[in-house]
Structure formats: C-alpha cells, structure tokens
Amino acid sequence: MIVGASPVEKLPIVAVYGVSQNRFENYKLKQGFYPKKGEVLVGNSIYESLKNKKNIQIADKNFLVSGVYKSDIGFENGGVVLNLSDASLIFNKSASMLMVNSFINANIKQLIKKIESLSKDIEAKSTQNFVDNYNQFKIIKTSSNLIGFISFCMGLLGIVSIMSITVNQRKTEFGIKRAIGISTKKIVAQIVCESSILGILSFITSLFISSFTLYFIKNSSLFHGYVNGEISFTLAFYLFICSLSMAVLGSIIPAINASKIDPIILMQGDKI
C-alpha cells in the first residue's frame, strides 16, 4: 500500500491510497466500478465537491473516475484510491507499508512474531500499536489529554465558585436546619446530592449537543469528510464519571464550610 497526499481541484490536500487489487474490496462501492490502470476510485465526500466528476488530476497526471466509495472512516471517505502501479509512478516508491488482514480471533502478538522472523529488516506492528507509536498520533493524544485535564480543572473551579455563591445565598436555610437538629452530614449530603443531579442533567444535555455537532460535522460538505468522530460507550462512561466527580468535588468544600458555621450566624443570612 502507498499512502500520499496531493491537491485535487480546489482542495489543497487530499489523501491518496495506492493499493493492490486484493484490497479494493475494503472500499464499499456506492456507484461505478473498482479502478483499472489510469482510473481512480473517489471518496464520497470528495466526489460531491468535484466540478468535473469524470476525471481528476493528481500531481501532474490525469485519471478517469471509475466509481465512488463510502467509508465510515472520515479521512478515507475524503480520499482517492488507485492502483498500486499508478501510485508508484506518482510518489516514486514501490510501497509505504504492507498490510496484512487477519481473522478477528487471531493471536496478533504471535502473528507479529512470525512475520518479523522472516527477516531482521521487517518491523511488524498491529494497527493499535502503530497508532500508539506514530509520532503525530502521539502529539495529538498528548495534546488531547492536556486539554482535557485543563478543561477538568477549569470546570472544577467553576463548579466550586458557583456552589460557593449558591451556598452563601442559602445560609439562612442551613442555619435553621442546624438549629432544629439536622446533622452536618445530612446538610452536606443534601448539597452534594443536588449538585450531582445537576451534574447528571448537564452531562445528558452535553452528550446530546455533542452528538448532534459530530453528526453535523461528519455529514457537512464543508469538511469533505476529513473531520469525523464519534462518542463511544467507553468515552461516554468516562465523561459521565468526570462530570459526576466534578459536581461532587466542587460541592463538598462549600458544603463543609457552610456546615461548620454557627447556626445563629447562618440564620442572620446576608446581614453578617
């Protein structure tokens, strides 16, 4: 397989995949046929933006459009596929990588060892291992983690500030509860419970808005299929835990501070 990039019409950069005949079936045809020599298969997002839908120019070579494919992978959906021999002439190399398909239940580690035993010059990697070790993916992952951590801290500070203001406005209520014998633990539990409910409702609302936004981005012609994403169940679970943790942690400190103040002072409310 050869992987490269080239401008196509008004698009400054388009992913170009040169593949052997046995890999064409990985690209689901929407219309037309798989490409022969001198032809290309165009991703659905690219095809919709082309003015000339019969042929395109890649580098300094013209190719006929044999068909259109649709992929669930956004970057592939915004690319073009052509024969390995044609891609070799464009990018002046025989291959970027060799891809091996395996059964779903195959032992990947054992398969890697067998491939690497063929020659000391061969380095085999699973798809996940390739993503984890590729420098650009590392940078993206590290940046995402850093942005996520900063967002978590800012969200936590925001919740603490809001809950502090809310608790301060309800000092009289908490003072009366303390005066009639309601324990500190129950007052803290009430505030944490209220904050948790708000956190859960906020998570549901955010999840709905995020899903709608990702759907719009995925199907928008403005991005030509290059931006694609989805919220998996695992990611949604982690986000739920983070949202709930922020709500609980952000409310505990104001709640404890309010529960420690003398009931007489609390009942004076804003007079103090």
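Up top is the structure.
Definitions and limits used
- Residues numbered from 1 in each chain as written.
- Predicted model: local features only at pLDDT ≥ 70, side-chain atom pairs only at ≥ 80, totals over all residues.
- Heavy atoms only, no water.
- Helix = DSSP H or I, 4+ residues; strand = E, 2+ residues; numbered from the N terminus.
- Buried < 20%, exposed > 50% of the residue type's maximum accessible area, 1.4 Å probe, protein only.
- Areas by Shrake-Rupley, 256 points an atom, 1.4 Å probe, with all protein chains shown as cover.
- Contact = heavy atoms within 4.5 Å.
- Phe/Tyr/Trp six-rings, centres within 6.5 Å; stacked < 30°, edge-to-face > 60°.
- Lys NZ or Arg CZ within 6 Å of the ring centre and 35° of its normal.
- Pairing = 2+ DSSP bridges.
- Arc of directions from axis to C-beta.

A. Representation of the overall build of the protein in the model. Counting its regular elements, the protein contains 10 helices and 7 strands. When each of the 272 residues of the protein is scored for burial, the buried share is 30%. Taken as a whole, the protein presents about 18000 Å² of accessible surface, with 63% of it coming from carbon and sulfur.

B. Representation of the side chain of Ser195. Secondary-structure assignment places Ser195 in helix 8 (residues 184–219). Residues in contact with Ser195, not counting those within four places in the same chain, are Met163, Ala247 and Ser251.

C. How the structure looks around the packing of aromatic side chains. As enumerated under the stated definition, the model contains 4 aromatic pairs in all. Look at Phe237 and Tyr238: their rings are 6.2 Å apart centre to centre, the planes differ by 55°, and that puts the pair in the tilted class. With relative accessibility at 44%, the residue Phe237 sits in the partly exposed group. Judged by relative accessible area, which is 52%, Tyr238 ranks as exposed. Seen from the ring of Tyr47, Lys53 lies directly overhead, with NZ or CZ sitting 4.7 Å from the centre.

D. A look at unusual backbone geometry. Although it is not a glycine, Asn92 adopts a positive phi angle of roughly 55°. Take Asn92: it is sitting in the loop between helix 3 (84–91) and helix 4 (108–116). Relative accessible area serves as the criterion here: at 69%, Asn92 is assigned to the exposed category.

E. Molecular detail of the pairing of strand 2 (residues 11–19). Here strand 2 lies mainly inside the structure; 7 of its 9 residues are buried. One ladder, built from 6 bridges, connects strand 1 (residues 2–8) with strand 2; its direction is antiparallel. Note on strand 2: the bridge partner recorded for Ser6 is Val14. Once strand 1 ends, the chain turns through 2 residues before running back antiparallel as strand 2, passing Glu9 with a positive phi of about 50°.

F. Local environment of helix 7 (residues 171–179). Of all the residues in helix 7, the buried ones are Lys171, Phe174, Gly175 and Lys177. Axial view of helix 7: buried residues confined to an arc of 160°, hence all on one face. Downstream of helix 7 by one or two residues, Gly181 has phi in the positive range, about 100°.

G. Molecular detail of the pairing of strand 6 (residues 61–70). Where strand 3 (residues 28–32) and strand 6 come together, 4 bridges link them in antiparallel fashion. From the neighbouring strand, Leu29 faces strand 6, where its bridge partner is Tyr69. Note: strand 4 (residues 39–43) against strand 6, 5 bridges, orientation parallel. When the sheet's bridge partners are listed, Glu39 is paired in strand 6 with Leu64. Hairpin remark: strand 5 (residues 55–58) followed by strand 6, antiparallel, with 2 residues in the connecting loop; positive phi at Ala59, about 60°.

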